[in-house]
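Chains, contacts and geometry: an overview
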Amino acid sequence: QVQLVESGGGYVQAGGSLRLSCAASARTFSTYNMGWFRLAPGKEREFVAHISRSGGRTYYADSVKGRFTISRDNAKNTVYLQMNSLKPDDTAVYYCVGRTDYTGSVNFIASEYPYWGQGTQVTVSS
């Protein structure tokens, strides 16, 4: 079991930046594959980014490639999402997620991540 707590969300104008943080409670944080999903009003949960246990491999949704960077610091039990060049379409609640059973697939769906944080709101104005 692991508890995830997101922080760092807020209000920003288009073109601005935010860095989200996710603090994990697990002693074995380094055994978890981590990621971020987001939920925008009127939309389904959308994959944003995924990072491997050691941080050596990362994956991004096409919509955020080149703008967002996922990283982790296993010594601090923390995963980050650096968001640059933000767009109004990025407005959503962002959720930190974790899984231990990653098989190597590059298809990331919400139901495959058993552990979710409470979410942090990101609002990007035009």
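One can find the structure itself at the top, above this paragraph.
Quick caveat, the model's predicted, so the values are computed rather than measured. (Residues numbered from 1 in each chain as written. Predicted model: local features only at pLDDT ≥ 70, side-chain atom pairs only at ≥ 80, totals over all residues. Heavy atoms only, no water.)

Below, the discussion takes up the overall build of the protein chain. Per the secondary structure count, the protein chain includes 0 helices and 11 strands. Going residue by residue from the N terminus, the α and β elements of the protein chain occur as β-β-β-β-β-β-β-β-β-β-β. Against the compact-globule benchmark of 14 Å for 126 residues, the protein chain has a radius of gyration of 13 Å, which places it among compact chains. If one aligns the C-alpha atoms of the protein chain with their principal axes, the spans along those axes are about 40 × 25 × 25 Å. Counting over 126 residues, the protein chain shows a buried share of 48%. Considering only contacts within the protein chain whose residues lie at least 6 apart along the sequence, 59% involve residues at least 24 apart. As presented, the protein chain carries roughly 6,400 Å² of accessible surface, and 46% of it is formed by carbon and sulfur atoms. (Helix = DSSP H or I, 4+ residues; strand = E, 2+ residues; numbered from the N terminus. Rg over C-alpha atoms; globule rule 2.2 N^0.38 Å. Buried < 20%, exposed > 50% of the residue type's maximum accessible area, 1.4 Å probe, protein only. Contact = heavy atoms within 4.5 Å. Areas by Shrake-Rupley, 256 points an atom, 1.4 Å probe, with all protein chains shown as cover.)

What follows concerns the nonpolar core. Within the largest apolar cluster, 40 residues are counted, with the highest numbers of intra-cluster contacts made by Met34, Trp36, Val79, Leu81, Met83 and Tyr94. For Leu81, the residues in contact, after removing those within four places along its chain, are Leu18, Arg19, Leu20, Trp36, Val48, Ala49, Phe68, Thr69, Ile70 and Tyr94. (Core = buried A, V, L, I, M, F, W, Y, C linked by side-chain atoms within 4.5 Å.)

Attention now moves to the state of the cysteines. Scanning the model with the defined rule gives 1 disulfide in all. A disulfide bridge connects Cys22 with Cys96, and the sulfur atoms are separated by 2.0 Å. Disulfide Cys22-Cys96: the torsion about the S-S bond is -80°, which places it as left-handed. Linking Cys22 in strand β3 (residues 18–24) with Cys96 in strand β9 (residues 92–99), this pair joins segments that are 74 residues apart in sequence. There is no split in this pair, since Cys22 and Cys96 are both buried. (Disulfide = S-S within 2.5 Å.)

To continue, consider the sheet that holds β3. Judged by pairing direction, the sheet is antiparallel, and its 4 strands sit side by side in the order β1-β3-β8-β7 without closing on themselves. A strand with exactly one partner marks an edge of an open sheet, and here the two such strands are β1 (4–7) and β7 (68–73). On average, adjacent strands in this sheet sit at an angle of 15° to one another, irrespective of strand direction. (Pairing = 2+ DSSP bridges. Axes fitted to C-alpha atoms, helices over the stretch in contact; angles between N-to-C directions.)

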